[in-house]
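Summary of the model geometry
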Amino acid sequence: MLVLAHISDLHLDGSARATERAERVRDRLRELPGRVDALLVTGDIADHGTEPEYDEAARLLGLRDGDAPFPVLTCPGNHDSRVPYRKALLGLPGAEGPVNSVQVFDDGAVLMCDSSVPGSDDGELDEETYDWIESTLDELDGGLPALLAFHHPPVALHHPLPDSCRLRHADRLAALLARRPEIAGLITGHAHTPAATSFAGRPLVTGPGVTWTLRLPWEGDQVADRDAPPGLAFHVLDDRGRLTSHFRVVT
């Protein structure tokens, strides 16, 4: 089976608060008595999309010195900026196109897809990204279950803030899923709340936020609960292609 740790929405901004919360989650993961196969980070890694913020993220996540005990898989969110993301976080040449990548394991594949729209908080998987998903799955030839990871959920989560800027043109994603039975589930961020639902007949999970937790409408008028501890998820993709998710807070 494939076991992924999942965090989202670090919003690193150079403040001591953001750094401490991210370090707390990182330390919890590195202290696990058992090993996970990878850490997945679903966007809004930086708050303003600047190179210094990505320099800090690379240090915190172990991307700079390679000291992470597991692969670190990332995809951008609406607060991220593609050129400095590539340069300072990934150590790649700067470029404006979508940041897509795949990690293949013995028991499954994770496709990290760029749903960011430069200059907008909305999400969209563009033509280049859909072509990349199709060609990547073709290369895998149906031999492994695959997870799609991206920032913006394609469904309403019943709060006006994330629902106002979710993934556009979700019908196209649904059509892709209908053609691709090897896609076992979708993993997203953006909402700052752990949630589990379904989309087009597949499991859809949103990860908890590191920086703050969303208060739902029936929990009060304050949108951001900045006193709630950061959260993380563990996703298990088993040998039947079934996705199971567990959520934890980090005190």
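Residues numbered from 1 in each chain as written. Predicted model: local features only at pLDDT ≥ 70, side-chain atom pairs only at ≥ 80, totals over all residues. Heavy atoms only, no water.

A closer look at the overall build of the chain
Convention followed: Strands here are runs of E lasting at least two residues and helices are runs of H or I lasting at least four, both read from the DSSP assignment and numbered beginning at the N terminus. Only the C-alpha atoms count toward the radius of gyration. The rule for a globule is 2.2 Å times the residue count to the power 0.38. Summary of the burial criterion: residues with accessible area below 20% of their type's maximum are buried, those above 50% are exposed, and those between are partly exposed, where the area comes from a 1.4 Å probe applied to protein chains only. All tallies of charge rest on Lys and Arg as positive and Asp and Glu as negative; His and the ends of each chain are not included. Lysine's charge is taken at NZ, arginine's at CZ, aspartate's at CG and glutamate's at CD.
Check the secondary structure of the chain and you find six helices and 15 strands. Relative to a compact globule of 251 residues, whose C-alpha radius of gyration would be 18 Å, the chain shows 17 Å and is just as compact. The dimensions of the chain, computed from C-alpha atoms along their principal axes, are 45 × 45 × 40 Å. Sorting the 251 residues of the chain into buried and exposed places 55% on the buried side. One way to put it: in the chain the 23 positive side-chain charges average out to a point 4 Å from where the 40 negative ones average out.

Overview of the pairing of strand E11 (residues 202-206)
Operational definition: Two strands are counted as paired when DSSP detects at least two bridges linking them.
By the criterion of burial, E11 is predominantly enclosed, with four of the five residues buried. One ladder, built from three bridges, connects strand E9 (residues 183-188) with E11; its direction is parallel. Directly across from Leu-186, in E11, lies its bridge partner Leu-204. Looking at chain direction, strand E10 (residues 195-199) and E11 are connected through five bridges and run antiparallel. Counterpart to Ala-196 in the pairing with E11 is Val-205. Between the end of E10 and the start of E11, which pair antiparallel, lie two residues, with Ala-200 showing a positive phi angle near 50°.

Quick word on the environment of His-192
Selection criterion: Only heavy atoms enter the contact rule, under which two residues are in contact if any of them lie within 4.5 Å. Side-chain atoms alone can form a polar contact between residues adjacent in sequence; in general such a contact is a pair of N or O atoms within 3.5 Å, and within protein one must be able to donate a hydrogen while the other accepts it.
Tracing the chain through its elements places His-192 in the loop between E9 and E10. Distance in space between the C-alpha atoms of His-192 and Thr-19 is 17 Å, their sequence separation being 173 residues. Aside from chain neighbours lying at most four places away, what touches His-192 is Asp-9, His-11, Gly-207, Gly-209, Thr-211, Trp-212, Thr-213 and Leu-214. Here the side chain of His-192 touches Asp-9 through a polar contact of 3.3 Å, side chain to side chain.

Considerations on unusual backbone geometry
Located in the positive-phi region is Asp-44, a residue other than glycine, with phi close to 50°. Among the secondary structure elements, Asp-44 is positioned in the loop between strand E2 (38-42) and helix H2 (51-61). Judged by relative accessible area, Asp-44 falls into the buried class, the value being 2%. Even without a glycine there, the phi angle at His-190 is positive, about 75°. By secondary structure assignment, the location of His-190 is in the loop between E9 and E10.

Side note on the nonpolar core
The test is simple: We call a set of buried residues a nonpolar core when its members are Ala, Val, Leu, Ile, Met, Phe, Trp, Tyr or Cys and they connect through side-chain atoms within 4.5 Å of each other.
Counting 30 residues, the largest nonpolar core has Ile-7, Leu-29, Leu-39 and Val-41 as the members making the most contacts within it. When residues of this core are traced back to their parent elements, those giving at least two are strand E1 (2-7), helix H1 (16-30), E2, H2, helix H3 (82-89) and strand E14 (231-237). The dominant element in this core, judged by the number of residues it contributes, is H2, at five residues. Leu-29 has contacts with Ala-5, Leu-39, Phe-70, Leu-232 and Phe-234, leaving out every residue within four places of it along the chain. Within the second largest apolar cluster, 24 residues are counted, among which are Leu-111, Cys-113, Ile-133 and Leu-177.

Details of H3
H3 sits mainly inside the fold: six of its eight residues count as buried. Residues of H3 that are buried include every one of Arg-82, Pro-84, Tyr-85, Arg-86, Ala-88 and Leu-89, and no others. Lining the buried residues of H3 we find H2, strand E3 (72-75) and strand E6 (116-117). Immediately beyond the C-terminal end of H3, within one or two residues, lies Gly-91, with a positive phi of roughly 70°.

Thoughts on the layout of surface pockets
One way to see where empty space is left: roll a probe the size of a water molecule over the atoms. Let me state the cut-off plainly: Cavity: a set of points on a 1 Å grid over the protein atoms alone where a 1.4 Å probe fits but cannot get out. Pocket: an open set with protein on both sides within 12 Å along at least five of seven lines, its lining residues, like those of a cavity, having an atom within 4 Å of a point. Grid points are joined across faces, edges and corners, and a volume is the space filled by probe spheres set on the points. Ten residues, namely Ala, Val, Leu, Ile, Met, Phe, Trp, Tyr, Cys and Pro, are considered nonpolar, four, namely Asp, Glu, Lys and Arg, are considered charged, and the remaining ones, Gly among them, are considered polar.
Looking at the largest pocket, its volume works out to about 160 Å³. Taken together, 13 residues line the largest pocket, and the ones lying closest to its centre are Asn-78, Leu-161, Cys-165, His-190 and His-192. Among the residues forming the lining of the largest pocket, the class breakdown is six nonpolar, five polar and two charged.

Note that all results are geometric; they support no functional claim without further evidence.
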